[in-house]
Protein chains: 2
Amino acid sequence: MSIHDDNHLHPSAAGGLDLRLDAANAPSWTVRAFKHVSYEIRICQNVLDPACADLAEAASAGRSRRRFVAVDANVERFYGDRVRAYFDARGIDAHYQSVQAGETRKTFDTVAELVRGIDAFGIDRRREPIIAIGGGVLLDVVGLTANLYRRGTPVVRLPTTLIGLVDAGVGVKTGINFNEQKNRLGTYSAADLTLLDPSFLATLSRRHVANGLAEILKIALIKDRGLFDILEADGAALLESRFQTLSGTATSAAGSAVIQRAIHGMLEELQPNLWEAKLERLVDYGHTFSPTIEMRALPSLLHGEAVCVDMALTTVLAEHRGLISARDRDRVIGVMTALGLPIWHDVLTPDTLMGALHDTVRHRDGRQRLPLPVGIGDAAFVDDVTLPELTDTVLDLAELARRRELARA
Amino acid sequence: MSIHDDNHLHPSAAGGLDLRLDAANAPSWTVRAFKHVSYEIRICQNVLDPACADLAEAASAGRSRRRFVAVDANVERFYGDRVRAYFDARGIDAHYQSVQAGETRKTFDTVAELVRGIDAFGIDRRREPIIAIGGGVLLDVVGLTANLYRRGTPVVRLPTTLIGLVDAGVGVKTGINFNEQKNRLGTYSAADLTLLDPSFLATLSRRHVANGLAEILKIALIKDRGLFDILEADGAALLESRFQTLSGTATSAAGSAVIQRAIHGMLEELQPNLWEAKLERLVDYGHTFSPTIEMRALPSLLHGEAVCVDMALTTVLAEHRGLISARDRDRVIGVMTALGLPIWHDVLTPDTLMGALHDTVRHRDGRQRLPLPVGIGDAAFVDDVTLPELTDTVLDLAELARRRELARA
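Residues numbered from 1 in each chain as written. Chains lettered and ligands numbered in written order. Predicted model: local features only at pLDDT ≥ 70, side-chain atom pairs only at ≥ 80, totals over all residues. Heavy atoms only, no water.

All names here are of chain B. As judged from the four bridges shared by strand 10 (residues 370-373) and strand 11 (residues 379-382), these two strands associate in the antiparallel manner. When the bridges of strand 11 are listed, L372 appears paired with A380. Taking the residues between adjacent antiparallel strands as the criterion, strand 10 and strand 11 are bridged by five residues, where G375 takes a positive phi near 60 degrees. (Pairing = 2+ DSSP bridges. Helix = DSSP H or I, 4+ residues; strand = E, 2+ residues; numbered from the N terminus.)

Here it is, written out as structure tokens:
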């Protein structure tokens, strides 16, 4: 039975092996199977409280008490003691590996270090999930490692940054950079469970909060005008408060609302297209030019910052095409600035951007499939951006950024 | 709708996004999706005949005329000119990368070389499949590269060895060795099309034909007594004739029958368990001790040779347990020898084998799940092999191998 059949058979009967003979009696076999993927993302306050079983018991059903725990080196400085106390209290024999996880360390060397550590500790294939604690880079690298290790070992993710909470921790992409190309190697592989604890944001630097706000803004711009309104009203305050209440002991109501709304919007886009069968993806907004911008600017721009520069550029381009009004363009640029995000970087030249577009066209199988904002909260795809148009756009954005700088000075 | 539902909804309605709130109003999301996997394996004589469109048109529907072609360096020496003439005649702009593909080169370095080559040539993400031409190692490494490149690029496989035709080219496993562990890193990823052309066997060395016969013998031993009878009667002749007719211009009838029967048996086992959800796998027969044997003996044993040593060992073990008669054990060992395969290697010590079993137990999630032959053509799983039992078995096999050597001398 194939998914295209029109009869109403039970899906568990799906798949099969067909043997056909051609006119010359040469056989061919077709193997058909359905892989059922299911993964959970759970908001879980104070996940390192020893009273909270979620992290220790995830993906194992309590059958094994050994865990390999990969921790971002930065996170370890703030939370290392609490992580150790947590697993001790839960009776887990854990091995901790500290991982330097900046964008320049998103490499196969880091995967290799992890594999050597896992081999030395030794884990069972299915019931001893790898635990990943850190930001987006760590989640991507450990996710790839777990997917490759013995062709697939379960993984439980605990994002500690805002971009981890709303972006890297929500989807199924893993990856490493290679040959100076962003995420050139990777897989689609779901973590068994991702636990989202916004209390980690309390110790996050302002810049890394802004980094996550860029991906939240992306969701607002392409599909959620209400979320944009919240960011416009409260974004700057959320940035300063790190999404916490005034007392700093809990996530603020506005913070919770923004995070949940961003995640829900992201998942609505991802779920029907988990393996990117469809290459027109609204969530690719801000990700057309940014892979090249980010790699060229390395290490000066964080991922969300490069995405924001891309969104600033394409907002200006959309305004040139009459897709968004000058007033709304200025509101968008204004929110970017209020969120502490850059709208310009000196690597932006028309030639660099055409090169970026060329690689993205290969990535989108021969067409630009470029999402552009239509007003605020909607988007459309175009295929016909040219070098002259990009040149005009870059000049305009440079002028706009220069005027903003002057106004601030 | 999940695959576990008992209602009879249309499968295309499968998948979805669930949002739940717990007692404290904390949300959790569950993403569910079905991935439909379908792949074809086609017997195709004289695939490099320019009149044969299969290889050039596979997985592209004729939309693009560019191909990145990874060719095993050994294959290139014999067939390089014909491969080039073929793609030229079919109007394909092909870039050829020669790959040293022995077991010691089944590494990330080889993946990295391929990625640099693919980046330099530049391919579209979906419509310019990578072509892999070579033996099992090449198919595994190029398969992994294609799976990782941009998180998945189509691949068309053309096995040129017997083990490629009946084993590596039939399943969905990709992999590289790492940290002295066989296939420590890899994925499950189906090639879009695999074309099986037994005419390549005409130029294969006797040893590499034997290497493939080991995997055919495995299928015979675990599930196909009729195939065993054919190997016992005709295996030695197939080895000498390289599966070709006396004139050497076509596959022999016996050769075709053996290949088709082995492939069909293998696919019957793989299709219902494509992602190894079930860790009791009959096709793991011969693959309990052999990963360690093969890596320790590197480069002295080919994959199929290490598998045969494992099968000889476990046949003797099965005889000790009364699962197979002494007469059938001798028939099995006799066929192994007739097929030019080893039944012994000096790395076989009880300690090494216990270490191998320990790693396999991790691989099979905490249990041995060791397939053992039951007579000829059937098998059962056991979980209770001990060091004393292994020691007895090794001593017995050593004695058996010594007597065979003496008899031959």
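All right, on to the environment of B:S199 then. Residue and element names in this part refer to chain B. Mapped onto the elements of the fold, S199 is located in the loop between strand 9 (193-196) and helix 6 (206-223). Since its relative accessible area comes to 22%, S199 is described here as partly exposed. It is 17 Å that separates the C-alpha atoms of S199 and N211, two residues lying 12 residues apart in sequence. With sequence-adjacent residues up to four places away left out, S199 is seen in contact with Q45, N46, Y79 and Q244. A distance of 2.8 Å separates the side chain of S199 from the side chain of D197, its partner in a polar contact. (Buried < 20%, exposed > 50% of the residue type's maximum accessible area, 1.4 Å probe, protein only. Contact = heavy atoms within 4.5 Å. Polar contact = N/O pair within 3.5 Å; in protein donor to acceptor, adjacent residues only side chain to side chain.)

A:L162, A:I216 and A:F243 are the most contacted members of the largest nonpolar core, which totals 82 residues. In this structure, A:F243 is in contact with A:L162, A:L201, A:V209, A:L213, A:I216, A:L238, A:A250, A:T251, A:S252, A:G255, A:V258 and A:I259, ignoring residues within four places of it in sequence. (Core = buried A, V, L, I, M, F, W, Y, C linked by side-chain atoms within 4.5 Å.)

The operation relating chain A to chain B is a screw motion whose rotation component is 180 degrees, with 0.0 Å of axial translation and a residual RMSD of 0.0 Å. The transformation relating the two chain copies, once decomposed into turn and shift, fits a two-fold axis. When you check the interface residues of chain A against chain B, 100% turn up at the interface there too, and the contact is symmetric in its surfaces. (Least-squares fit on C-alpha atoms with pLDDT ≥ 70 in both.)

Residue and element names in this part refer to chain A. Note that I324 resides in the loop between helix 10 (303-320) and helix 11 (326-338). Among the residues examined, I324 registers a relative accessible area of 5% and is labelled buried. Between the alpha carbons of I324 and G375 there is a distance of 4.4 Å; along the sequence they are 51 residues apart. In this structure, I324 is in contact with T315, A318, E319, R329, V332, G375 and I376, ignoring residues within four places of it in sequence.

Here the bond from A:L298 into A:P299 is cis, since omega is 0 degrees, no more than 30 degrees from zero. Looking at the secondary structure, you find A:P299 in the loop between helix 9 (290-297) and helix 10. Unlike most non-glycine residues, B:R242 shows phi in positive territory, near 55 degrees. By the secondary structure assignment, B:R242 is in the loop between helix 7 (225-241) and helix 8 (253-270). Note on B:R242: relative accessible area 17%, which makes it buried.

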